[in-house]
Amino acid sequence: MSFLTVKNINKSFGNTEVLRGIDFSLEKGEVVSIIGSSGSGKTTLLRCLNFLEIADVGEITVDGETVFKAERGQVFSDKELRDKRSRFGLVFQSFNLFPQYTALDNLTLAPRLRLDERAKREKMSAAQKREETAKIRARADELLEQVGLTEKAGFYPCQLSGGQQQRVAIARALMLSPDILCFDEPTSALDPELTGEVLRVIRSLKDSERTMIIVTHEMEFARHVSDKVIFMADGVIEEAGTPEEVFGNPQSEKTKAFLAHDK
Amino acid sequence: MALFWEVTVSLLKGFGTTCSIFGLTLVLALPLGLLISFGTMSKFRPIKAVFKTFVWIIRGVPLMLQLFVVFYVPGFVFGMPIASRFVATIIAFVINYACYFSEIYRAGIEAIPVGQTEAGEVLGMTKWQIFRKVIFMQVVKRIIPPMGNEIITLVKDTALARVIAVTEIIWRAEQFTSRALIWPLFYTAVFYLAFVGALTLLFGRAEKKLGYYKV
Ligand SMILES: Nc1ncnc2c1ncn2[C@@H]1O[C@H](COP(=O)(O)OP(=O)(O)OP(=O)(O)O)[C@@H](O)[C@H]1O
Ligand SMILES: [Mg+2]
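Residues numbered from 1 in each chain as written. Chains lettered and ligands numbered in written order. Predicted model: local features only at pLDDT ≥ 70, side-chain atom pairs only at ≥ 80, totals over all residues. Heavy atoms only, no water.

What chain B contains, in helices and strands, is eight helices and zero strands. Ordered by position from N to C terminus, the α and β elements of chain B give α-α-α-α-α-α-α-α. Dimensions of chain B along its principal axes, counting C-alpha atoms only, are 70 × 45 × 25 Å. Going through the 215 residues of chain B one by one, you find that 46% of them count as buried. A sequence separation of at least 24 residues applies to 76% of the contacts in chain B between residues at least 6 apart. Element-wise, carbon and sulfur atoms account for 72% of the exposed surface of chain B, whose accessible area totals about 11100 Å². Averaging the coordinates of the 21 positive side-chain charges in chain B and doing the same for the 10 negative ones gives two points 5 Å apart. (Helix = DSSP H or I, 4+ residues; strand = E, 2+ residues; numbered from the N terminus. Buried < 20%, exposed > 50% of the residue type's maximum accessible area, 1.4 Å probe, protein only. Contact = heavy atoms within 4.5 Å. Areas by Shrake-Rupley, 256 points an atom, 1.4 Å probe, with all protein chains shown as cover. Lys, Arg positive; Asp, Glu negative; His and termini not counted. Charge placed at Lys NZ, Arg CZ, Asp CG, Glu CD.)

Spelled out as structure tokens, the structure:
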């Protein structure tokens, strides 16, 4: 049984079938890169995994637990969606930092709100709550250091470069320690000279506990950082395998054409 | 000189009423407008249609007419005359301005990139937390200039209350015309200008205060 199993995910918008039966599985700590041409459904797949879209058909299992199983016409409550999402994290192409908060507050906002709820539920004492708040703060400091932005903790997003903003966004996504962290073209909105720092940070996150799904156009990066590469075309997985297999010896004509075009 | 003081005191009294209409309308219409904006953005079609129609009617009919309706209709049609002219004024103004404000809120909320909401969602925040902690302050920053405009219009619209004989500043000034005094009417401009001047400074300060981030 794999850590993450994605079975037969289908998603349409109106009459456009965007995902047509996506199947794959990942072990804990594995890194998979998803490549493919524009419009092939990569973003939609990540959005389905994070429940920003609800798949029409399919099943998602994490660590033996069925997180999602499509049924006709089902509607999830806000609370159900939150529970489902808690296993996943998502880093957006456009960062989506909260502009009115400093880098540090961008990291701590969601955990602090969650703490507020827990404190109320468990009737925490003020001292206990202060202690928990301090833990959140300590974790944020640690993550900012990990992405190399300790000095920028008090800066607002508009005072940071694109690369720095994306690193803050990555740290923010890590605050809640998701089992599976997804990246949607994390460097596509950046100037070429800024992509390196972000890719370095992502590479440094690789460890045995963290499963990562990275949609990217950076072929060199995908080749070096991933355990698995998935090539998507027209809403299906056209080809999947190790980086050596997919890049070194592609089987499908579409993969060959895509890789040739990209060079 | 005695006459000047008499006029000033009378106008000040009227200006007090003007300020009450202004203040009460603002305090009540700002939150009501937000609720109406939620209605006009509702995903549930019938609710959206009802609110949109309501906003269309209120914005499409002169405020003066709405004052007459609120003041006369309850008494003539339902046999329940409204408590006072002042209350009628407040009701008409609050409804009218809430509708104008709702459109400003709606434009402000719709201008916030959907990515902000989605970022909050993937971080496990509730819809209400996202609105309160992420969206709202960005909306406030965006809507200060149009709100400022609308609020300054409100200062001057209060003069309409005179049509149902609410004793605001213009009504007071008009009383002097029976004594062949016309200048008190022009004198009222000083009060309005001072008030609007103060508001303009206030809005400028607020804009500056929120200038530390960009949306
Ligand atoms: N909300 C939506 N409504 C309608 N169509 C959509 C929606 N979202 C995506 N699509 C369509 O789904 C298809 C796949 O889009 P998606 O964004 O998943 O592609 P992608 O592989 O991420 O492409 P890119 O490399 O350009 O980011 C596109 O044809 C797009 O127009
Ligand atoms: Mg995409």
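Once the structure has been displayed, the description carries forward.
What follows deals with the overall build of chain A. The secondary structure content of chain A amounts to nine helices and 10 strands. For 263 residues, the compact-globule estimate of 2.2 N^0.38 gives 18 Å, and the C-alpha radius of gyration of chain A, at 19 Å, lies within 12% of that figure. Across its three principal directions, the C-alpha atoms of chain A cover 60 × 45 × 35 Å. Expressed as a percentage of its 263 residues, the buried residues of chain A come to 55%. Sequence-distant contacts, at least 24 apart, represent 66% of the contacts inside chain A between residues at least 6 apart. When the accessible surface of chain A is summed, it comes to about 12100 Å², and 46% of that surface belongs to carbon and sulfur atoms. The averaged location of the 41 negative side-chain charges in chain A is 5 Å from the averaged location of its 36 positive side-chain charges. (Rg over C-alpha atoms; globule rule 2.2 N^0.38 Å.)

Residue and element names in this part refer to chain A. As a matter of local geometry, ligand 1 sits amid Phe13, Val18, Ser37, Ser38, Gly39, Ser40, Gly41, Lys42, Thr43, Thr44, Glu185 and His217. A distance of 3.2 Å is found between an oxygen atom of ligand 1 and a backbone nitrogen or oxygen belonging to Ser40. In the model, an oxygen atom of ligand 1 is placed 2.8 Å from a nitrogen or oxygen of the Lys42 side chain. Computed on the free molecule, ligand 1 has an accessible area of 640 Å², of which 58% lies beneath the protein chains in the complex. Among the elements that make up the shell around ligand 1, the one with the highest residue count is helix H1 (residues 42-49) (three residues). Broken down by class, the residue content of the shell around ligand 1 amounts to two nonpolar, eight polar and two charged. (Near = heavy atom within 4 Å. Polar contact = N/O pair within 3.5 Å; in protein donor to acceptor, adjacent residues only side chain to side chain. Nonpolar A, V, L, I, M, F, W, Y, C, P; charged D, E, K, R; others polar.)

Right, let's get into the side chain of A:Thr211. Looking at the secondary structure, you find A:Thr211 in strand S8 (residues 211-215). With sequence-adjacent residues up to four places away left out, A:Thr211 is seen in contact with A:Phe3, A:Leu26, A:Glu27, A:Lys28, A:Gly29, A:Glu30, A:Asp179, A:Ile180 and A:Leu181.

Another aspect to go through is a nonpolar patch on the surface. All names here are of chain B. A surface patch of nonpolar side chains, amounting to about 830 Å² of accessible area, comprises Leu65, Val69, Tyr72, Val73, Phe76, Val77, Phe78 and Met80. Structurally, Val69 is set in helix H3 (residues 63-78). The class of Val69 is partly exposed, set by a relative accessible area of 42%. (Patch = residues over 30% accessible without salt bridge, like charges linked within 9 Å, V, L, I, M, F, W, Y side chains within 5 Å. Salt bridge = Lys/Arg side-chain N within 4 Å of Asp/Glu carboxyl O.)

The next point concerns the interface of chain B and chain A. Contact with chain B, which involves 22 residues of that partner, is made by 25 residues of chain A. Carbon and sulfur atoms make up 61% of the surface buried where chain B meets chain A, a total of about 2200 Å² over both sides. Linking chain B with chain A are 10 residue pairs in polar contact (both at pLDDT 80 or more). Elements supplying a minimum of two residues to the side of chain B that touches chain A: helix H5 (114-122) and helix H6 (127-157) of chain B. (Buried area = accessible area lost by both parts, 1.4 Å probe.)

On to the sheet that holds strand S7 (residues 180-184) of chain A, then. Residues and elements named next belong to chain A. Read across the sheet, six strands follow the order S6-S7-S8-S3-S9-S10 without closing on themselves; strand pairing throughout is mixed. Bordering the open sheet on either side are strand S6 (88-91) and strand S10 (236-241), each of which pairs with just one other strand. Going from strand to strand, the sheet's axes swing by 20° on average, the running direction of each strand aside. In terms of strand pairing, strand S9 (residues 228-233) meets S10 through five bridges, oriented antiparallel. Pairing of Ala233 across the sheet is with Val236, part of S10. (Pairing = 2+ DSSP bridges. Axes fitted to C-alpha atoms, helices over the stretch in contact; angles between N-to-C directions.)

We now examine the environment of A:Leu97. Looking at where A:Leu97 falls in the secondary structure, it is placed in the loop between S6 and helix H3 (103-122). C-alpha of A:Leu97 to C-alpha of A:Pro157: the two residues are 60 residues apart in sequence and 6.8 Å apart in space. Apart from residues no more than four positions distant in its own chain, A:Leu97 is found in contact with A:Asn106, A:Pro157, A:Gln165, A:Val168, A:Ala169, A:Arg172 and B:Gln116.

With that settled, consider helix H5 (residues 162-174) of chain A. In this model, H5(A) (13 residues) spans 19 Å end to end at C-alpha, consistent with the 18 Å of a helix rising 1.5 Å per residue. Of all 13 residues that make up H5(A), 13 are buried, and the element is covered over most of its length. (Expected span 1.5 Å × (residues − 1).)

Along the chain, the position of B:Gln138 falls in helix H6. There is a polar contact of 3.3 Å between the side chain of B:Gln138 and the side chain of A:Gln100. Discounting chain neighbours no more than four positions away, the residues touching B:Gln138 are A:Pro99, A:Gln100, B:Ile112, B:Gln116, B:Tyr213 and B:Val215.

Residues and elements named next belong to chain A. Inspection of the entire model under this criterion finds 29 salt bridges over all chains. Notably, a salt bridge pairs Lys129 with Asp116, separated by 2.9 Å at the nearest N-O pair. Of this pair, Lys129 sits in helix H4 (residues 126-146) while Asp116 sits in helix H3; the two residues are 13 residues apart in sequence, bridging distant segments of the chain. Lys129 gets classed as partly exposed once you look at its relative accessible area, which sits at 28%. Residue classification places Asp116 among the partly exposed residues on the basis of a relative accessible area of 34%. Between Asp207 and Arg210 there is a salt bridge, with its nearest N and O atoms 3.9 Å apart. Classification of Asp207 by relative accessible area gives partly exposed; the value is 36%.

All we've got here are geometric facts, nothing functional implied.
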